Amino acid sequence: MTAPQTLALRGDFPGVGDWHYLDTAATAQKPGQVIDAIARAYGPDYATVHRGVYRRSADMTIAYEAARARVARFIGAASPDECVFVRGATEGINLVAHGWAANVLKSGDRILISALEHHSNIVPWQMVAERTGAAIDVVPLTPDHAIDLDAMAAMIRPEHRIVALAHVSNVTGAVLDAARAAEIAHSVGAKLLLDGCQAAPRLALDVRALDCDFYVLSGHKLYGPTGIGVLWGRAELLDAMQPMQGGGAMIDKVTFQRTTYAPPPGRFEAGTPHIVGVVGLHAAIDYVDDVGLDRIHAHEAALVTATREALGQINSVRLFGPADAAGIVSFEVQGVHPHDVGTILDEEGVAIRAGHHCAQPLMDLLNVPATARASFGLYNDADDVAALVRGIERVTRIFG
Ligand code: PMP
């Protein structure tokens, strides 16, 4: 077995300890630095933003906007104003779908997604299709369960107005060649939205180099708090986008006759925002950047290789996804339901995800009701892989 190096950062994560936590694709454990930042933000630093005339509120406003600037730097945005704080990737995709696509698309237009998308990147587009009369096309997968960009190039048409793809699949870990996807989308004038939920914690990001038009991510997958995420959009697209929610903070001027909206990003942040979530996200980005995404990616790639090598030697295990998957290995133990696999592994102190991973169409395509999924974070090491493999060997003994 290739022995992955440890990053020796496990001690930073009070939620991990000696637990073999292999469900980071669902949500990442939090380092003490993030937990401390949250405690400070709810404690001695706590105040509202954007409204207070007193010192602490002004400081919190500065912290809130500093987090936006940090996000912009982290993802390579041209300006912090292109970064909208949302609840998570789901809300980000819905905002683009309902705020932009639903106003731009009309009957005869088409939406392009892929066969491996998360329900968050399927259902909002179905809603838009229903509202506008647009149709949805689905890019097929390669034999190793990545998005088939040759097939995409062959099927794209001028009627396609928006293409929405996972940057990294939450089921197969396949990494999209985003720049090529952008080139194909732009060849017909379509916009490209990337669902970066699984990519943001695993790959160094530069939205301008990727040449996409919208990018979404969730803070809780990036070692930050739940309830906070980011929608990045090109300035001119955000300018053209309608808010989904009206209320405080998103307005320019309100009268009973007419209301004008604030410019982006405020236009899309109605109400008191998730102040502490934003501060926690800032701390998470600082933490991840200090470790270095290239190191994290290399570390997780080694864990994936070790896992695939070891599980591949067990006859009844069928692996899904490409060998160069980013941090995620989906598999089935033939003849055993993934829920039973997950339950037995739990008895061994190994936490994996068993289910459809919010990708039911992909399960249909793989012809399985569910898969078992081991997903890695920067705190995992070779011991976690060994525990997983021991657990799977026990599963095969129990089920004969
Ligand atoms: N897209 C992908 C690829 C995901 O993995 C997830 C979370 N499992 C989502 C979207 C939705 O993210 P959230 O629930 O944080 O909004």
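Residues numbered from 1 in each chain as written. Predicted model: local features only at pLDDT ≥ 70, side-chain atom pairs only at ≥ 80, totals over all residues. Heavy atoms only, no water.

## Side note on the site of the ligand
Then, in step 1: The environment of the ligand is made up of Ala89, Thr90, His118, Ser120, Asn170, Asp195, Cys197, Gln198, Ser218, His220 and Lys221.
Then, in step 2: In the model, an oxygen atom of the ligand is placed 2.8 Å from a nitrogen or oxygen of the His220 side chain.
Then, in step 3: Relative to its free-state accessible area of 400 Å², the ligand is covered by the protein chains to the extent of 86%.
Then, in step 4: Cavity membership is defined here by more than half of the atoms lying within 2 Å of grid points; on that basis the ligand lies in the second largest pocket.
Then, in step 5: Its residues assigned to classes, the shell around the ligand shows two nonpolar, seven polar and two charged. (Near = heavy atom within 4 Å. Polar contact = N/O pair within 3.5 Å; in protein donor to acceptor, adjacent residues only side chain to side chain. Areas by Shrake-Rupley, 256 points an atom, 1.4 Å probe, with all protein chains shown as cover. 1 Å grid on protein atoms, 1.4 Å probe; cavity = no way out; pocket = protein on both sides within 12 Å on 5 of 7 lines; lining within 4 Å. Sits in = over half its atoms within 2 Å of the grid points. Nonpolar A, V, L, I, M, F, W, Y, C, P; charged D, E, K, R; others polar.)

## Looking at the domain arrangement of the protein
Then, in step 1: Assigned domains of the protein: these are domain 1 (10–30 + 292–399) and domain 2 (34–289).
Then, in step 2: The straight-line distance from the C-alpha centre of domain 1 to that of domain 2 is 27 Å.
Then, in step 3: In this assembly, 41 residues from domain 1 lie in contact with 32 residues from domain 2.
Then, in step 4: By the criterion of area lost to domain 2, the three top residues of domain 1 are Lys30, Leu293 and Leu362, representing 22% of everything that side buries.
Then, in step 5: For the pair domain 1 and domain 2, the interface holds one salt bridge.
Then, in step 6: Notably, a salt bridge pairs Arg202 with Glu300, separated by 2.8 Å at the nearest N-O pair.
Then, in step 7: Between domain 1 and domain 2 we count 22 residue pairs in polar contact (both at pLDDT 80 or more) in total.
Then, in step 8: Within the residue set of the side of domain 1 that touches domain 2, elements represented by two or more residues are α10 (293–312), β12 (328–333), α12 (360–366) and β15 (371–375).
Then, in step 9: With six residues, α12 is the single largest residue contributor to the side of domain 1 that touches domain 2.
Then, in step 10: Class assignment of the residues belonging to the side of domain 1 that touches domain 2 gives a composition of 22 nonpolar, 13 polar and six charged. (Domains from an automatic or database assignment. Contact = heavy atoms within 4.5 Å. Buried area = accessible area lost by both parts, 1.4 Å probe. Salt bridge = Lys/Arg side-chain N within 4 Å of Asp/Glu carboxyl O. Helix = DSSP H or I, 4+ residues; strand = E, 2+ residues; numbered from the N terminus.)

## Details of the nonpolar core
Then, in step 1: Ranked by internal contacts, the top residues of the largest apolar core, which has 76 residues, are Ile75 and Met152.
Then, in step 2: Two domains each donate at least three residues to this core, and these are domain 1 (10–30 + 292–399) and domain 2 (34–289).
Then, in step 3: With sequence-adjacent residues up to four places away left out, Ile75 is seen in contact with Cys83, Leu205, Asp206, Val207, Leu217 and Trp232.
Then, in step 4: Trp100, Ile122, Ala134 and Leu238 belong to the second largest nonpolar core, which has 28 residues in total. (Core = buried A, V, L, I, M, F, W, Y, C linked by side-chain atoms within 4.5 Å. Buried < 20%, exposed > 50% of the residue type's maximum accessible area, 1.4 Å probe, protein only.)

## Topic: the sheet that holds strand β6 (residues 191–195)
Then, in step 1: One open sheet accounts for seven strands, arranged β2-β8-β7-β6-β5-β3-β4; its pairing is mixed. With one partner strand each, in any of the chains shown, β2 (83–86) and β4 (135–139) form the two edges of the open sheet. Going from strand to strand, the sheet's axes swing by 20° on average, the running direction of each strand aside.
Then, in step 2: Judged from the five bridges that link them, strand β5 (residues 160–166) and β6 form a sheet pairing that is parallel. (Pairing = 2+ DSSP bridges. Axes fitted to C-alpha atoms, helices over the stretch in contact; angles between N-to-C directions.)

## Details of the packing of helix α3 (residues 89–104) against helix α4 (residues 123–132)
Packed helices, taken two at a time, are described by the angle their axes make and the gap between the axes.
Then, in step 1: The contact between α3 and α4 brings their axes to 9 Å, and the two run at 20°. By the angle class used here, α3 and α4 are roughly parallel. Here α3 and α4 pass one another in a crossing that is right-handed. Contact residues: α3 offers Ile93, Asn94, Val96, Ala97, His98, Ala101 and Ala102, while α4 offers Pro124, Trp125, Met127, Val128, Arg131 and Thr132. (Parallel < 35°, antiparallel > 145°, perpendicular 65-115°, else oblique. Left-handed = near helix turned anticlockwise from the far one by under 90°.)

## Brief notes about empty space enclosed by the protein
Then, in step 1: Inspection of every chain in the model, using the stated rule, returns one cavity of 30 Å³ or more.
Then, in step 2: Across the lining of the largest cavity, the residue classes break down as seven nonpolar, one polar and no charged. (Points joined across faces, edges and corners; volume = space filled by probe spheres on them.)

## Focus: the pattern of salt bridges
Then, in step 1: Taken as a whole and assessed by the stated rule, the structure comprises 20 salt bridges.
Then, in step 2: Put simply, Asp150 and Arg180 hold a salt bridge, and the shortest N to O gap is 3.0 Å. Pair noted here: Asp150 is in helix α5 (residues 149–155) and Arg180 is in helix α6 (residues 178–187), with a separation of 30 residues, a long-range link.
Then, in step 3: Here Asp150 falls in the exposed class, since its relative accessible area comes to 52%.
Then, in step 4: Given a relative accessible area of 31%, Arg180 falls into the partly exposed group.

## Some words on the packing of aromatic side chains
To describe a pair of aromatic rings, one takes the distance between the centres and the angle between the planes.
Then, in step 1: Overall, the coordinates contain nine aromatic pairs when judged by the stated rule.
Then, in step 2: Judged by centre distance (6.0 Å) and plane angle (65°), the rings of Phe13 and Tyr223 are edge-to-face. With a gap of 210 residues between them, Phe13 in the segment before β1 (20–21) and Tyr223 in the loop between β7 (214–218) and β8 (229–233) connect regions that are remote in the sequence.
Then, in step 3: Classification of Tyr223 as buried rests on a relative accessible area of 0%.
Then, in step 4: Here the aromatic rings of Phe13 and Tyr287 are separated by 5.7 Å at their centres, their planes lie at 85°, and the arrangement is edge-to-face. With a gap of 274 residues between them, Phe13 in the segment before β1 and Tyr287 in helix α9 (residues 275–291) connect regions that are remote in the sequence. Residues Phe13 and Tyr287 agree in their burial class; the two are buried.
Then, in step 5: An aromatic cluster is built from Phe13, Trp19, Tyr21, Tyr223, Tyr287 and Tyr379, whose rings are joined through pairwise contacts. (Phe/Tyr/Trp six-rings, centres within 6.5 Å; stacked < 30°, edge-to-face > 60°.)

## Remarks on the environment of His186
Then, in step 1: Turning to its location among the elements, His186 is positioned in helix α6.
Then, in step 2: A sequence separation of 25 residues divides His186 from Arg161, and the C-alpha atoms of the two residues are 9.5 Å apart.
Then, in step 3: Of the polar contacts made by the side chain of His186, one reaches the side chain of Asp211; its length is 3.5 Å.

## Brief notes about unusual backbone geometry
Then, in step 1: The step from Pro264 to Pro265 runs through a cis peptide bond, and the omega angle for that step is 5°.
Then, in step 2: Of note, Pro265 is situated in the loop between β10 (259–261) and α9.
Then, in step 3: For His145, which is not a glycine, the phi torsion comes out positive at approximately 65°.
Then, in step 4: You will see that Asn367, though not glycine, has its phi angle at about 65°, which is positive.
Then, in step 5: Mapping Asn367 onto the fold places it in the loop between α12 and β15.

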